[in-house]
Amino acid sequence: MSPEAPSSPRSLAEALRARDDASLAALLRGRPDLITPVPSDLTQLATRAGTRASVLRALERLDRFALQTAQALAVAPDPAPYDTLLGLLAGDDGDEAVAAALPRTVAALREQALVWGEDDRLRLVRTARELLAPSAQHPSPTGLGPTVREATSGMSPGRMQEIVARAGLRSTHDSVSAVTALTGLFTDREKMTELLDGAPEAAREVLSRLMWGPPYGQVTADPAAHLRWLLDRGLLLPTAPGTVVLPREVALHLRGGRAHRAPEPLPPAVEPSAVHSPQVVDATAAGQAFTALATVEELLKSWNQGGPAVLRAGGLSVRDLKRTAVALDLPEPVAAFWIELAYAAGLLASDGEADERYAPTPGYDTWLERPPAERWAHLAGTWLTATRTAGLIGGRDAKDRTLSALGPGLDRSAAPEVRHRVLTLLAGLPEGGAPSAEAVLARLSWERPLRGPQRDSTEDLRTRLARWTLTECESLGVTGRGALSAQGRALLGPVDAAEGSGSGTAPDLLSPAELATATAAAARLLAPLLPEPLDHVLLQADLTAVAPGPLRRPLADVLGVLADVESKGGATVYRFTPGSVRRALDAGQTAADLHAFLAEHSRTPVPQPLAYLIDDVARRHGHLRVGAASSYVRCDDDAVLNEILADKRAAALRLRRLAPTVLAAPCDPATLLEGLRSMGYAPAAESAEGDVLIARADAHRTPPRTAPEPVPDGPPPPDATLLTAAIRAIRAGDLAATAPRKSTGTELTGGELPRTSPADTLATLQAAVLTGDAVWIGYVNAEGAASQRVVAPVRVEGGFVTAYDHTADEVRTYALHRITGVAELAED
């Protein structure tokens, strides 16, 4: 082996030390876990970059070709020349696409500190090699087995000599040279071709079955002749009784040098499967956005008086989810999505009472006052960044417990990245272009492949997140007919069409400030597309009212009390019933108020049947009065009370007569009111003074609540200010750790601090003040943390030394008794 070039780094730390600040910033930005906390020097940074947890995280963020490149390096010699790596990926016949993509991929792996060294000596980080190298317990996706050296490590010298002789090689003096000779044979294309030409046909069939993996097979104690031929020549090597393996060198020869059956240097293209007019897409998405707003409002209006109870373990019960889905006329998974979105947006929460229930928050009232486009933008921005994942509802957690809506365990930190990436792919298409779901999923699978084979047919989490994203963004109005709308495009902010197209790094998510700007822009684009709210309805003779579009809020609120919604769609149909009219009267309206309201807001004359209905219900409203006795019924017409007592349906109320015009009941007034109304009467509540009480439907609200915070996927990416400060601190710490020192007769190793007596320490520091030289000190702070620093002393007095600290790039004061020792720096 030729001696190593002087410029070649001998370790990852040296490779990092040779980088400029921009390259270090790219590493820390791509692997933010390395900066938490800030390493003291580059040696510590390199150590942290090689830890198992950090390497696993980095490997999981590689695209398929970058992962294939790392896997090829894991089966290559260590170190491996660039040409060897290219041969493993492109094969003996070459591959132009692989050759074109490989330099960029190797540079990306170097940037992520997974590969280091010059092109003539490429090295995979040791931990990554251990994770990706093939073994019997953890097969490699390459399908390759162990090398000849690894497979023959326990073989007897006599058996090795027999294999060497049967393979047509000269016998050797020891097993090491025999392994070398056998490896040389298997890596020589011409000699291997000549050897295999003489193999029996059945033997070649066995090799072809094992060629692409798994490389292990079973043999009997007395193998067949064709298997014996392979075993005698080392083309199959025993690993355990009855088990044989195809050596890596033989498999690579049979494959034509390829480590992978199908290298994928280029990402799958995402092409439109249909193209629509941008105007049609925007209009369709706007219609869905309007429907989304109506759905969320209807959901929270139905919970206005206090929604379903909170389960003991948290969340919504299956029965309450079904009831909500029926009320919204939606499938349960869709209803669960809107519930979770409202919760993530801070519009609903638990009220925190003893009988804990879900209810709208005060933020819901604020949200209702905003223009429709801004309300939609708030929902869409929340959806884009939320980590709560409604698609998981109904599944099982790690402890086999059912995941419920609004319950714990629904956060998936990868969700915002997947949503952002899906929309970014859609934004890269021409306006109006709608891709197929399969094309989007194939692209995402290439960008974030699984490192190992899946154990079952279940899709991985990222694929499921992408499927849910495509469905949810259509329901929300971010897309229309499968294509990204103008308002959806604005949600992403400025988009680079080539973002994430094989770099192996995640697309940058929007900061809170950028998201606020993006949602405001989306709201401006959506506003002209939403229908204008109407201030009128069309009354019909069949006791219905038709709202030909969205209604203004005061009109919609009053009409929602006065009538029941019969059907929804482009136009909403309301039906007036005795119960709905009585509901309006209970809310404080009078018959005259209702007549005036309908006359003012109807484009058609008020039908006579509707006027009669209002007058008839109003005439009977309050004829019976209920108070607390526990409760009582009072009526001036004793015949009505006799009728109630004779009714079998009143038996449950256990009424008794107190006077000719008074009945008493042991139940509370609310139960008595409800019971009499179910019998067809229209009682009114009264106070202790005998005045009629108007049962106003006051909305139930939770105390002020903040929206749930998304659960981050690891440490957040550092901003430019933090990166600059961190790199400066790392460089300074590295200077202190690597500064050359004068020999003191006692060499220090690693991070060992210098040790000198107090007298020597004081004398050296005082001398440095006079000469202006920098010195190297060890220092232990008040918390007991030890560090080494390069300082230029300015003043020594009162038990303290004031010095310019090259490590911190500022003047600091140090207590002399905390300095462990001092050493002079070498003159160079």
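That block above? That's the structure.
What counts and what doesn't
- Residues numbered from 1 in each chain as written.
- Predicted model: local features only at pLDDT ≥ 70, side-chain atom pairs only at ≥ 80, totals over all residues.
- Heavy atoms only, no water.
- Helix = DSSP H or I, 4+ residues; strand = E, 2+ residues; numbered from the N terminus.
- Buried < 20%, exposed > 50% of the residue type's maximum accessible area, 1.4 Å probe, protein only.
- Contact = heavy atoms within 4.5 Å.
- Areas by Shrake-Rupley, 256 points an atom, 1.4 Å probe, with all protein chains shown as cover.
- Lys, Arg positive; Asp, Glu negative; His and termini not counted.
- Charge placed at Lys NZ, Arg CZ, Asp CG, Glu CD.
- Pairing = 2+ DSSP bridges.
- Axes fitted to C-alpha atoms, helices over the stretch in contact; angles between N-to-C directions.
- Salt bridge = Lys/Arg side-chain N within 4 Å of Asp/Glu carboxyl O.
- Phe/Tyr/Trp six-rings, centres within 6.5 Å; stacked < 30°, edge-to-face > 60°.
- Lys NZ or Arg CZ within 6 Å of the ring centre and 35° of its normal.
- Core = buried A, V, L, I, M, F, W, Y, C linked by side-chain atoms within 4.5 Å.
- Polar contact = N/O pair within 3.5 Å; in protein donor to acceptor, adjacent residues only side chain to side chain.
- Parallel < 35°, antiparallel > 145°, perpendicular 65-115°, else oblique.
- Nonpolar A, V, L, I, M, F, W, Y, C, P; charged D, E, K, R; others polar.
- Left-handed = near helix turned anticlockwise from the far one by under 90°.
- 1 Å grid on protein atoms, 1.4 Å probe; cavity = no way out; pocket = protein on both sides within 12 Å on 5 of 7 lines; lining within 4 Å.
- Points joined across faces, edges and corners; volume = space filled by probe spheres on them.

Peer 1: How should the overall build of the protein be read in this particular structure?
Peer 2: Per the secondary structure count, the protein includes 33 helices and 26 strands. Overall, the C-alpha framework of the protein stretches about 120 × 90 × 55 Å when taken along its three principal axes. A burial count over the protein gives 46% of its 828 residues as buried. Within the protein, counting contacts between residues at least 6 apart in sequence, those at least 24 apart form 67% of the total. A total of about 40,100 Å² of accessible surface is found on the protein, and carbon and sulfur atoms cover 54% of it. Positive and negative charge centroids in the protein, built from 84 and 101 side chains respectively, lie 4 Å apart.

Peer 1: Which parts of the structure should I look at to understand the sheet that holds strand S24 (residues 800–805)?
Peer 2: Backbone hydrogen bonds hold the strands of a sheet together, and the pairing may be parallel or antiparallel. In space, the 5 strands of this open sheet follow the order S25-S24-S23-S22-S26, with antiparallel pairing throughout. Lying at the two open borders of the sheet, with one neighbouring strand each, are strand S25 (810–815) and strand S26 (819–824). For this sheet, the mean angle separating the axes of adjacent strands, direction not counted, is 45 degrees. Here strand S23 (residues 786–797) runs beside S24; their pairing, made up of 6 bridges, is antiparallel. Considered in S24, the bridge of Arg 795 is made with Thr 802. Where helix H33 (residues 758–771) meets the sheet, its contacts fall on strand S22 (775–780), S23, S24 and S26, and the angle it forms with S23 comes to roughly 65 degrees.

Peer 1: Help me understand the environment of Pro 605, please; the structure alone is not making it clear to me.
Peer 2: The topology assignment puts Pro 605 in the loop between helix H28 (591–601) and helix H29 (608–620). Overall, Pro 605 belongs to the exposed group, its relative accessible area being 70%. Through-space distance from the C-alpha of Pro 605 to that of His 817 is 96 Å; in sequence the pair is 212 residues apart.

Peer 1: Got a minute to help me understand the pairing of S24 in this structure?
Peer 2: The side chains of a regular strand alternate, residue by residue, between the two faces of the sheet. Counting the residues that bridge the hairpin from S23 to S24 gives 2 residues, and of these Gly 798 lies at a positive phi of roughly 60 degrees. As paired strands, S24 and S25 are joined by 6 bridges and run antiparallel to one another. The residue of S25 that forms the bridge with Thr 802 is Thr 813.

Peer 1: Explanation requested: the pattern of salt bridges in the structure shown.
Peer 2: Inspection of the entire model under this criterion finds 35 salt bridges. Between Asp 78 and Arg 129 there is a salt bridge whose closest N-O contact spans 3.9 Å. Here Asp 78, found in the loop between helix H5 (64–75) and helix H6 (82–90), pairs with Arg 129, found in helix H8 (residues 126–132); they are 51 residues apart in sequence, far enough to count as distant. With a shortest N-O distance of 3.8 Å, Arg 159 and Asp 232 are connected by a salt bridge. Separated by 73 residues along the polypeptide, Arg 159 in helix H10 (residues 157–166) and Asp 232 in helix H14 (residues 225–232) bring together distant segments of the chain. A relative accessible area of 23% means that Arg 159 is categorised as partly exposed. A residue is classified by how much of its surface remains accessible, and Asp 232, at 9% relative accessible area, is buried. Ionic contacts of the salt-bridge type, sharing partners, join the residues Arg 159, Glu 162, Arg 166, Arg 228 and Asp 232 into one network.

Peer 1: Teacher, can you tell me more about the sheet that holds strand S4 (residues 237–240) here?
Peer 2: Taking strand neighbours across the sheet as the criterion, the 3 strands line up as S3-S5-S4 in an open arrangement whose pairing is antiparallel. Only two strands of the sheet have a single partner each, and these edge strands are strand S3 (216–218) and S4. Across the sheet, the axes of successive neighbouring strands diverge by a mean angle of 40 degrees, strand direction being ignored. Relative to strand S5 (residues 243–245), S3 is paired through 3 bridges, and the arrangement is antiparallel. From the neighbouring strand, Gln 218 faces S5, where its bridge partner is Thr 243.

Peer 1: Which parts of the structure should I look at to understand the packing of aromatic side chains?
Peer 2: Two aromatic rings, taken as a pair, are described by how far apart their centres are and by the angle between their planes. Applying the stated criterion to the full structure yields 4 aromatic pairs. One residue, Arg 375, lies across the ring of Trp 367, its end atom 5.5 Å from the ring centre.

Peer 1: It is not clear to me how the nonpolar core should be interpreted in this structure. Could you clarify?
Peer 2: If you look at soluble globular proteins, the nonpolar side chains tend to sit buried side by side. Core analysis: the biggest nonpolar cluster contains 89 residues, and Leu 230, Leu 235 and Leu 236 have the highest contact counts within it. Considering each element in turn, this core owes the most residues, 8 residues, to H5. For Leu 230, the residues in contact, after removing those within four places along its chain, are Ala 203, Val 206, Leu 207, Leu 235 and Leu 236. With 69 residues, the next largest nonpolar core counts Ile 339, Tyr 358, Ala 373 and Ile 393 among its residues.

Peer 1: Can you walk me through the side chain of Arg 448 in this structure?
Peer 2: Its location among the elements puts Arg 448 in the loop between helix H22 (437–447) and helix H23 (461–476). By relative accessible area, which is 9% here, Arg 448 ends up buried. One polar contact links the side chain of Arg 448 to the main-chain carbonyl oxygen of Arg 61, over a distance of 3.2 Å.

Peer 1: Explanation requested: unusual backbone geometry in the structure shown.
Peer 2: Keep in mind that most residues, glycine aside, have a negative phi and that most peptide bonds are trans. Here the amide bond leading from Thr 36 into Pro 37 is cis, since omega sits at -10 degrees, within 30 degrees of zero. The omega torsion across Gly 213 and Pro 214 is -5 degrees, close enough to zero to call that bond cis. Within the fold, Pro 214 resides in the loop between helix H13 (201–211) and S3. At Asp 329, a residue that is not glycine, the phi angle is positive and equals roughly 60 degrees. Mapping Asp 329 onto the fold places it in the loop between helix H17 (318–328) and helix H18 (332–344). Its identity is not glycine, yet Arg 654 carries a phi of approximately 55 degrees, on the positive side. Inspection of the secondary structure puts Arg 654 in the loop between helix H30 (638–646) and strand S18 (656–659). Look at Arg 654 and you get exposed, because its relative accessible area is 59%.

Peer 1: Just checking my understanding: could you explain the packing of helix H16 (residues 278–302) against H23 for this structure?
Peer 2: When two helices pack together, their arrangement is given by the angle between the helix axes and the distance between those axes. Direction vectors running N to C along H16 and H23 enclose 85 degrees, while the axes themselves pass 6 Å from each other. In terms of their interaxial angle, H16 and H23 are classed as roughly perpendicular. Contact residues: H16 offers Gln 288, Ala 289 and Ala 292, while H23 offers Glu 474, Ser 475 and Leu 476. Partitioning the contact of H16 with H23 into residue classes produces 3 nonpolar, 2 polar and 1 charged.

Peer 1: I'm lost on the packing of H5 against H6 in this one. Help?
Peer 2: Relative orientation of the contacting elements H5 and H6 amounts to 115 degrees, with a least axis distance of 10 Å. Helix-helix and strand crossings are classified by hand; for H5 and H6 the assignment is right-handed. For the pair formed by H5 and H6, the contact residues are Phe 65, Gln 68, Thr 69, Ala 72, Leu 73 and Val 75 on the first element and Leu 85, Leu 88 and Leu 89 on the second. The class makeup of the residues in the contact of H5 with H6 is 7 nonpolar, 2 polar and no charged.

Peer 1: Looking at this model, I keep getting lost on empty space enclosed by the protein. Mind explaining?
Peer 2: By rolling a water-sized probe across the atoms, one finds the places where empty space is left. Following the criterion strictly, the structure yields 3 cavities of 30 Å³ or more and no others. Roughly 90 Å³ of internal volume is contained in the largest cavity. For the largest cavity, the full set of lining residues is Phe 337, Glu 340, Leu 341, Ala 344, Trp 383, Ala 386, Arg 388, Thr 389, Ala 390, Arg 419 and Glu 472. Of all the elements, H18 adds the most residues to the lining of the largest cavity, at 4 residues. Per-class residue counts for the lining of the largest cavity are 6 nonpolar, 1 polar and 4 charged.

Peer 1: Help me understand the pairing of S22 in this model?
Peer 2: Among the 6 residues of S22, 5 are classified as buried, and the element is accordingly described as predominantly covered. Relative to S23, S22 is paired through 6 bridges, and the arrangement is antiparallel. Bridging across to S23, Tyr 779 finds its partner in Ser 787. What sits between the antiparallel neighbours S22 and S23 is a turn of 5 residues, in which Gly 784 has the positive phi angle 90 degrees.

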